[in-house]
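Structural features, examined
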Amino acid sequence: MIIYPSIDIRGGKVVRLKEGDPNRQITFSDDPLAAAKNWIDQGARWIHMVNLDGTFAQANNNTTILENVARLGVPVQFGGGLRSLDNIIQAINQGAARVVLGTVAVEQPAIVTQALDRWGAEMICVALDARDGKVSVRGWQEKTGLTPVEFGQQMVDLGIKHALYTDVNRDGGLAGSNVEGTIALGQQTGLQVIASGGVTTVEEISSLRRSGKVAGAVIGMALYEGRITLEKALLAAAGDSNAD
């Protein structure tokens, strides 16, 4: 099970948004590259990066940060505002090892098929972002009529293997992740599910790992606020008893 320290970028800074609300922002660092180096020095094998300005369709140059972080030698899973094939091409050309597709996967699934045909299933991840049990799009601001399982099954039919599942109501709140929902999603779809949204404790990570149905966990706020250390998270993901 892989632990993905999260670097959410807005205006060139590392931030977190509570429940995806752009008006409830906490800024943690003015230097995303230094933040990435810090997590890598602590043992991270992947970095999860979100271009929040892209998510909210605001002009930005945050992809240059992706380029610099990708040069550090650890694969970057990158999402936020990738709503066309050209956006995906740019992110991959700038170093993304895997792209996360959310809104475009719901609204233009043909682009998902094109991306899979061009780069293969290992480089494409679909975001199953859910608010109140329904998949949300456009920066989590609009709800669809689909449940994560329904949408996940549609993506499996296209050839998707990796899915990022975020329970938006828990994101950035340090109240714990939706462990049961995450595991159920993996069980019911067969997707390699990556948990996101509120992952805070060693116990949650251990429960996700023991299920055998969860491939990874993105951790953001809990790391930045010191609720859990990356060392403990990595140990828990590996099943090491020293994580406790």
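Scroll up to find the structure.
Predicted model only: the values in this text are computed from it and were never measured.

1. A short note on the overall build of the chain
- Scanning the chain from N- to C-terminus turns up 11 helices and 12 strands.
- Relative to a compact globule of 244 residues, whose C-alpha radius of gyration would be 18 Å, the chain shows 16 Å and is just as compact.
- Dimensions of the chain, computed from C-alpha atoms along their principal axes, come out at roughly 45 × 40 × 35 Å.
- Within the chain, buried positions represent 54% of all 244 residues.
- Long-range pairs, those at least 24 residues apart, make up 67% of the contacts in the chain between residues at least 6 apart in sequence.
- Put simply, the chain shows about 10000 Å² of open surface, and 44% of that area lies on carbon and sulfur atoms.
- Positive and negative charge centroids in the chain, built from 22 and 26 side chains respectively, lie 0 Å apart.

2. Description of the environment of A35
- Relative to the assigned elements, A35 resides in helix α1 (residues 32–41).
- As a C-alpha pair, A35 and D167 span 132 residues in sequence and 25 Å in three-dimensional space.
- Every residue in contact with A35, bar those within four places of it in the chain, is listed here: I7, V14 and Y224.

3. Things to note about the pairing of strand β11 (residues 192–196)
- Most of β11 is tucked away, with 4 of its 5 residues classed as buried.
- Across 5 bridges, the pairing between strand β10 (residues 162–167) and β11 is parallel. Across the sheet, residue Y165 finds its bridge partner in β11, namely A195.
- Sheet topology note: the β11/strand β12 (residues 214–219) ladder contains 3 bridges and is parallel. Among the inter-strand pairings, V193 is bridged to a residue of β12, identified as V214.

4. Digging into the nonpolar core
- Counting 65 residues, the largest nonpolar core has I7, I88, V99, L101, I205 and I219 as the members making the most contacts within it.
- Ranked by the residues each element gives to this core, the list is headed by helix α6 (residues 109–119), at 5 residues.
- Other than its neighbours up to four places away in sequence, I7 contacts V14, P32, A35, A36, W39, I47, H48, M49, V50 and Y224.
- By size, the runner-up hydrophobic cluster in this structure holds 8 residues, among which are Y4, W46, V100 and V218.

5. Notes on the pattern of salt bridges
- Counted by the stated rule, this structure contains 3 salt bridges.
- In this structure, D8 engages R16 in a salt bridge whose closest nitrogen and oxygen atoms are separated by 2.6 Å.
- For R227, the salt bridge identified is with E225, shortest N-O distance 3.8 Å.
- Overall, the relative accessible area of 35% leaves E225 in the partly exposed class.

6. A short note on the side chain of N51
- If you trace the backbone, N51 turns up in strand β4 (residues 47–51).
- When its relative accessible area of 4% is taken as the criterion, N51 is described as buried.
- One polar contact links the side chain of N51 to the main-chain amide nitrogen of D53, over a distance of 3.3 Å.

Rules and cut-offs
- Residues numbered from 1 in each chain as written.
- Predicted model: local features only at pLDDT ≥ 70, side-chain atom pairs only at ≥ 80, totals over all residues.
- Heavy atoms only, no water.
- Helix = DSSP H or I, 4+ residues; strand = E, 2+ residues; numbered from the N terminus.
- Rg over C-alpha atoms; globule rule 2.2 N^0.38 Å.
- Buried < 20%, exposed > 50% of the residue type's maximum accessible area, 1.4 Å probe, protein only.
- Contact = heavy atoms within 4.5 Å.
- Areas by Shrake-Rupley, 256 points an atom, 1.4 Å probe, with all protein chains shown as cover.
- Lys, Arg positive; Asp, Glu negative; His and termini not counted.
- Charge placed at Lys NZ, Arg CZ, Asp CG, Glu CD.
- Pairing = 2+ DSSP bridges.
- Core = buried A, V, L, I, M, F, W, Y, C linked by side-chain atoms within 4.5 Å.
- Salt bridge = Lys/Arg side-chain N within 4 Å of Asp/Glu carboxyl O.
- Polar contact = N/O pair within 3.5 Å; in protein donor to acceptor, adjacent residues only side chain to side chain.

By themselves, these figures tell us nothing about what the structure is for.
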